[in-house]
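Structural features, examined
The primary structure of each chain is shown beneath.
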Amino acid sequence: MRPYFEKMTPMGRALTDGAKKRSADNVKAILQEEAKVAEAVQKVLDAGIPAEKIHKRGQLLATERIEKLIDPGSFRPLTSLYNPKDNAERSTGLVTGLASVEGKMCVVVASDNKVMAGAWIAGQAENIARIQDVAQMLHVPLVWVLNCSGVKLTEQEEVYAGPRSGGRTFFRHAEMNLKGVPVLAGVFGTNPAGGGYHGISPTVMFAHHKANMAVGGAGIVSGMSPKGHFDLEGVQALIDATRHFKAVPPGGTGIHYDETGFFRSVSETEEGVLETLRRSMAGQPAHDPSLFRVAEPAEPIYPAEEIYNLVPHRQKVTYDVEQVIARLVDGSEHMEYRPDYGPEIYTGLVKIDGFLVGVIANRQGFLGKGYPEYAKGEYMGIGGKFYRQGLIKTNEFVTHCGRDQVPIVWVQDTTGIDVGDIAERAELLGLGQSLIYSIERSELPMLCLVLRKASAAAHYIMGGPQATRNTVFTLGTGTTEVYVMHGETAATAAYARRLVKEQDAGHDLQPTIDKMNDLAQQYYDNSRPIYSARRGFVDEIVKMTELRGYLVSFARAVYQNPLKICPHHQMMLPRIIKG
């Protein structure tokens, strides 16, 4: 299939100096947004006790442990700002991401030992579930750098009970083992109670010599008074028991290496544990990349920095999405699927690090006279929306990618699906749901990039995380906004009838106008990049210049050890494109 893939059709064009100059303010606005995100991430990383205190204990920070574990420069952070419970700790107590270890992709999760010694805190279980999903969908190892002191007992109701609680983590580890996704753990520090089950639930555990894992620790020894209440005598017994267990915590390496054999190895240094994890990763199953690469990896022709010039910070300004794609894909080349049909949507095959990937993206701007054809000239089609042809084309492309086992990257900048009786007669409601069906039927790993707007049902059907089990993770940028509709549209929908009533009654309209402006501002504030990341609408806000790195890591992980394979010479999609 070399004639199909080795040299594909060029896409994109160079930016002129004039175009760069005209977009200088746009570049500045996006960089300012990225700086706000970087500041917010740093605050999360600085949460908890000072780094110096951790170092005085002879421990490395979670970030330092990750740095020594992974291949240099390979870490792609995920869920850095995620804090769904808005807890006092300002984080979920984890550092997570996609990385390469000994040349093999994996998902890395490190307990943040600065935040209550890695304790289970509000929101942590939800974060773990997201990261477990990433490893399971990519079918790559989940690597724990574990240091979990148990449950934050003063907020147990936020951690312990419920179907997505801390205990769900252990079930998911068992589920991953049954699906052939290994869970590797380096165990550090004291891990009692929930931390003990956290330690025992992975596939294999390697321990630091000072580590322990136990059903209970010093904090819960004699925690139930036989008298049903506490008094001086009972408290003194508790103090004595606690002193003993503090000196000799249960479940140390003398028990779980020498006697039970639960720990596979014990290392005298933290670096030794991490080196053992590296050796374990080196033995994990992975196909040679040459089995799946359709061409040698190549950088895009055009520099990634120009994406700042191309993507407007102002949401209502249009742009050429193919110009953006050309700065993300190998050789700035592609094979477009049905370019003469469904003009609101770009669909095509590209190469990422030499691997074949499908791309689906919203186009912007006026779509030409007479489109959509079913409107019969009553209104004009505008990019960012889905119409009948676009939905049909996207359904077809997803289905063909599923048949050929080609993973998909969605590039979202959408305002929704066409509405009204004309659109209903054109079956858009059913075609949108059909696309959700096609996505699930494909059983493909997918990446969703919310380049700018993620709005209305179109966000769901374009690989949005709420409408698919296939989306491995969702990325945002400095221009990302996520909402059910634009704030001005929402204010109109919420208050239009009120305006009519107020005017007919002869009342002052200004109070209603003020409420409309307040709602529009609320939509804006609650859709911005940092808010979207904290609430989990996206998994990470990524700099424009770092987007390709995430795409490369995604492609490598998808093709590392896939559950299904379509031989290149048996693919149909490239042949359908060629005709």
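Note that the structure is a prediction, hence the values are computed from the model and not measured. (Residues numbered from 1 in each chain as written. Predicted model: local features only at pLDDT ≥ 70, side-chain atom pairs only at ≥ 80, totals over all residues. Heavy atoms only, no water.)

**Considering the overall build of the chain**
For clarity, the cut-off: Segments assigned H or I by DSSP are reported as helices when at least four residues long, segments assigned E as strands when at least two residues long, and all are numbered from the N terminus. C-alpha atoms define the radius of gyration in this analysis, and the globule rule sets the expected value at 2.2 Å times the number of residues to the power 0.38. Each residue is assigned to one of three classes by its accessible area relative to the maximum for its type, calculated with a 1.4 Å probe on protein chains only: buried under 20%, partly exposed between the two thresholds, exposed over 50%. The contact criterion used is simple: two residues touch if any of their non-hydrogen atoms lie within 4.5 Å. The method behind every accessible area is Shrake-Rupley, applied with a 1.4 Å probe, and residues are considered shielded solely by the protein chains displayed. In this tally, Lys and Arg are treated as positive and Asp and Glu as negative; His is ignored, and so are the chain termini. For charged residues, the charge sits on one atom: NZ in Lys, CZ in Arg, CG in Asp, CD in Glu.
From N to C terminus, the chain includes 22 helices and 20 strands. The C-alpha radius of gyration computed for the chain amounts to 26 Å, which stays within 12% of the reference 25 Å derived for 579 residues, consistent with globular compactness. Over its C-alpha atoms, taken along the principal directions, the chain stretches across nearly 85 × 75 × 45 Å. For the chain, the residues scored as buried account for 55% of the 579 residues in total. Relative to all contacts within the chain whose residues are 6 or more apart in sequence, the contacts with residues 24 or more apart total 78%. A total accessible area of about 26100 Å² is found for the chain, and carbon and sulfur atoms account for 54% of it. Each charge sign in the chain was given a centre, from 63 positive and 65 negative side chains, and these centres are 2 Å apart.

**Some remarks on the sheet that holds strand β4 (residues 104-111)**
Hydrogen bonding along the main chain pairs the strands of a sheet, whether they run parallel or antiparallel. Heads up, the condition is: In short, DSSP must find at least two bridges between two strands for them to pair. What counts as an axis is a line fitted to C-alpha atoms, over the stretch in contact for a helix, and the angles between N-to-C directions run from 0 to 180 degrees.
Spatial strand order, β2-β3-β4-β5-β6-β8-β10: 7 strands in an open sheet with mixed pairing. Because the sheet does not close on itself, it has two edges, and the strands there are β2 (76-78) and β10 (263-267). Going across the sheet, the axis of each strand differs from the next one's by a mean of 20°, ignoring polarity. For strand β3 (residues 94-101) and β4, the ladder comprises 8 bridges, and the chain directions are antiparallel. Bridge assignment links T96 to a residue of β4, and that residue is V109.

**Notes on the environment of I422**
Following the sequence through the fold, I422 ends up in helix α15 (residues 421-425). Taking the C-alpha atoms as reference, I422 lies 56 Å from A62; in sequence the two are 360 residues apart. Among residues more than four places away in sequence, those in contact with I422 are Y374, A375, E378 and Y379.

**Concerning the packing of aromatic side chains**
What counts, and what does not: Centre distance within 6.5 Å is the pairing criterion for rings of Phe, Tyr and Trp, where only the six-membered ring of Trp is used; planes under 30 degrees apart are then read as stacked, over 60 as edge-to-face, and the remainder as tilted. Lysine NZ or arginine CZ positioned within 6 Å of the ring centre and within 35 degrees of the ring normal marks a charge as sitting over the ring.
In this structure the tally under the stated criterion is 10 aromatic pairs. A ring pair is formed by Y4 and F5, whose centres lie 6.3 Å apart and whose planes are at 45°; its orientation type is tilted. In terms of burial, Y4 and F5 fall into one category: buried. Ring pairing ties together the aromatic residues W120, F170 and Y197, which thus form one cluster. Across the ring face of Y82, the terminal group of R130 is positioned such that the distance to the ring centre comes to 4.5 Å. Between K578 and the ring centre of Y4, over which it is positioned, the NZ or CZ distance is 5.1 Å.

**Focus: a nonpolar patch on the surface**
Put simply, the test is: Patch membership is restricted to residues that have no salt bridge and whose relative accessible area is over 30%. Joining uses 9 Å for like charges and 5 Å for the nonpolar side chains Val, Leu, Ile, Met, Phe, Trp and Tyr. Salt bridge, as used here: a side-chain nitrogen of Lys or Arg that lies within 4 Å of a carboxyl oxygen of Asp or Glu.
Taken together, the side chains of Y197, I200, V215 and F262 make up a nonpolar region of the molecular surface, amounting to roughly 390 Å² of accessible area. Take Y197: it is sitting in helix α8 (residues 194-200).

**A word on helix α11 (residues 270-282)**
To be explicit about the condition: One fewer than the residue count of a helix, multiplied by 1.5 Å, yields its expected span.
Taking 1.5 Å per residue, 13 residues should reach 18 Å; α11 reaches 19 Å between its end C-alpha atoms and fits that length. All of the buried residues in α11 are E270, G272, V273, L274, T276, L277, R278, S280 and M281.

**Some words on the nonpolar core**
The test is simple: Working definition of a nonpolar core: buried Ala, Val, Leu, Ile, Met, Phe, Trp, Tyr and Cys residues. They are joined through side-chain atoms within 4.5 Å.
Formed by 114 residues in total, the largest nonpolar core has its most connected members in L138, L142, W144, W410 and F473. Among the elements that take part in this core, helix α21 (residues 547-560) stands out by supplying 9 residues, more than any other. Residues contacting L138, with those up to four places away along its chain left out, are L98, V472, F554, A557 and V558.

**Concerning the pattern of salt bridges**
Side chains that differ in sign of charge can pair as their charged atoms come close. Per the stated rule, a full pass over the model turns up 31 salt bridges. E270 is paired through a salt bridge with R65; the nearest N and O atoms lie 2.9 Å apart. Separated by 205 residues along the polypeptide, E270 in helix α11 and R65 in helix α5 (residues 62-69) bring together distant segments of the chain. Note on accessibility: E270 and R65 belong to one class, buried. E175 is the salt-bridge partner of R172, the closest N and O atoms lying 2.8 Å from each other. Of this pair, R172 and E175 both sit in helix α7 (residues 168-178), 3 residues apart, roughly one helical turn.

**A closer look at the side chain of T92**
Summarising the element assignment, T92 is placed in the loop between β2 and β3. T92 has contacts with Y82, N83, P84, I121, G123, Q124 and N127, leaving out every residue within four places of it along the chain.

**Structural notes on the environment of L431**
Here L431 is to be found in helix α16 (residues 428-442). We classify L431 as buried; its relative accessible area is 15%. Measuring from C-alpha to C-alpha, the distance between L431 and L291 comes to 36 Å, with 140 residues separating the pair along the chain. Not counting chain neighbours up to four residues away, the residues in contact with L431 comprise R388, L391, I392, N395 and A426.

**Some remarks on a positive patch on the surface**
A grouping of R497, R498, K501 and K515 is seen on the molecular surface, where their side chains present a positively charged patch. Relative to the helices and strands, K501 is located in helix α18 (residues 487-504). Judged by its relative accessible area of 61%, K501 is exposed.

**Comments concerning the side chain of S553**
This is how the line gets drawn: Polar contact is defined as a pair of N or O atoms within 3.5 Å, subject to the rule that within protein one atom must be able to donate a hydrogen and the other to accept it, and that residues adjacent in sequence are counted only when both atoms are side-chain atoms.
You can see S553 is positioned in helix α21. Side-chain polar atoms of S553 contact the side chain of R76, separated by 3.0 Å. Residue contacts for S553: discarding those within four places in its chain leaves S74, R76, L98 and M105.

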